[in-house]
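This is what each chain is made of:
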Amino acid sequence: MDHTTIVKLARQFTVCKYGPSVKIFGQGYTDDEHMYFYILVKGECIVTTGGKQVGHGKFGKLEAGTSIGDNGLLFDVRNASVVASKPSNETGTVVVYCLDVKTFRHLVGNDEVKRLQKDIGDMQTVVNQLSGVDTKIKNGTIIKQHRPSGVCLWMKWSGTILEYVYKHVVGMMVLTAILGTIFFAVDNPELEIQLDYISDFCGRLSPLTTFVSPFFLNQAYKFWSCFYWSTRGIQGRFSDTSLVLVSNEVKVNGKITDGAKEALNDVARIATLCCKKI
């Protein structure tokens, strides 16, 4: 796409402003009258599909700089989701730049649209092969798919709860066995009465146990969830960096230059160091 066409397209964008809880991008439209391309300039939006919000927290909102409707702009696909301004925006009014499909295709032309479709399709094919998204590919070329199984999970020991508590559990079981053996070997009515007191005390504490256990289990799950998404975010940024570097490496006659190799090796060392520090 030449510079003149890009300038013409930029001049065709219109500024739209929306208040809280206003639907900006509809679901299910395929006709040109309802097909628009948007760039979110100010405010935040949420995405819903079938009346349910997609994602939660920072993963369930669109922020400034996000583009909306690019698939419909090029591929004539049905809008899969609804994008609406958040019920309460701290930044106030949501501002978007919008461009209708008719204007885009008129200025760009069918040949350029087909070329863009082919380029994007080729890039998506490469990404699918690298990540192993394609179901025909068992493993990605670079990013290996994780295929958990019940047997694999049961065989895990390092990092599990059993690894941390088995010593205490075994110790309590041995202590209980010793006390039980002593109790049955020694015929002492006073000892029996004292053990009954202990049993009654433990029985009174059992309702408290049912309250404390779910509470700490819930806290442990929250910690795990926060840790998991943080590490996944770091992993994603490493993957993004790797893909950007590989796709922009300098080649001469199909071979990577020495300078590019040194740069890639430097980034690899820094990434490895960061992983070890984390």
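As a reminder, the structure under discussion sits directly above these lines.
What counts and how
Residues numbered from 1 in each chain as written. Predicted model: local features only at pLDDT ≥ 70, side-chain atom pairs only at ≥ 80, totals over all residues. Heavy atoms only, no water. Pairing = 2+ DSSP bridges. Helix = DSSP H or I, 4+ residues; strand = E, 2+ residues; numbered from the N terminus. Contact = heavy atoms within 4.5 Å. Axes fitted to C-alpha atoms, helices over the stretch in contact; angles between N-to-C directions. Core = buried A, V, L, I, M, F, W, Y, C linked by side-chain atoms within 4.5 Å. Buried < 20%, exposed > 50% of the residue type's maximum accessible area, 1.4 Å probe, protein only.

Draft legend 1. Focus on the pairing of strand β3 (residues 36-42). Alignment of β3 against strand β9 (residues 94-100), held across 6 bridges, turns out to be antiparallel. If you follow tyrosine 38 over to β9, its bridge partner there is cysteine 98.

Draft legend 2. The arrangement of the sheet that holds β9 in detail. Across the sheet, 4 strands lie side by side as β1-β9-β3-β7; this open sheet has antiparallel pairing. Each end of this open sheet is capped by a strand with a single partner; those strands are β1 (14-18) and β7 (67-68). Note: β1 against β9, 5 bridges, orientation antiparallel. The residue of β9 that forms the bridge with cysteine 16 is valine 96. Against the sheet, helix α3 (residues 101-108) makes contact with β3 and β9, and its axis sits at roughly 50 degrees relative to β9, the strand it touches most.

Draft legend 3. Layout of the nonpolar core. Counting 14 residues, the largest nonpolar core has Tyr18, Tyr38, Cys45, Leu62, Val83, Val94 and Val96 as the members making the most contacts within it. At the level of elements, β1, β2 (23-25), β3, β4 (45-49) and β9 are the ones that each hand at least two residues to this core. The contacts of valine 96, once residues within four sequence positions are left out, are Thr14, Val15, Cys16, Tyr18, Tyr38, Ile39, Leu40 and Val41. Residues Met35, Leu73, Leu99 and Val113 belong to the second largest nonpolar core, which totals 11 residues.

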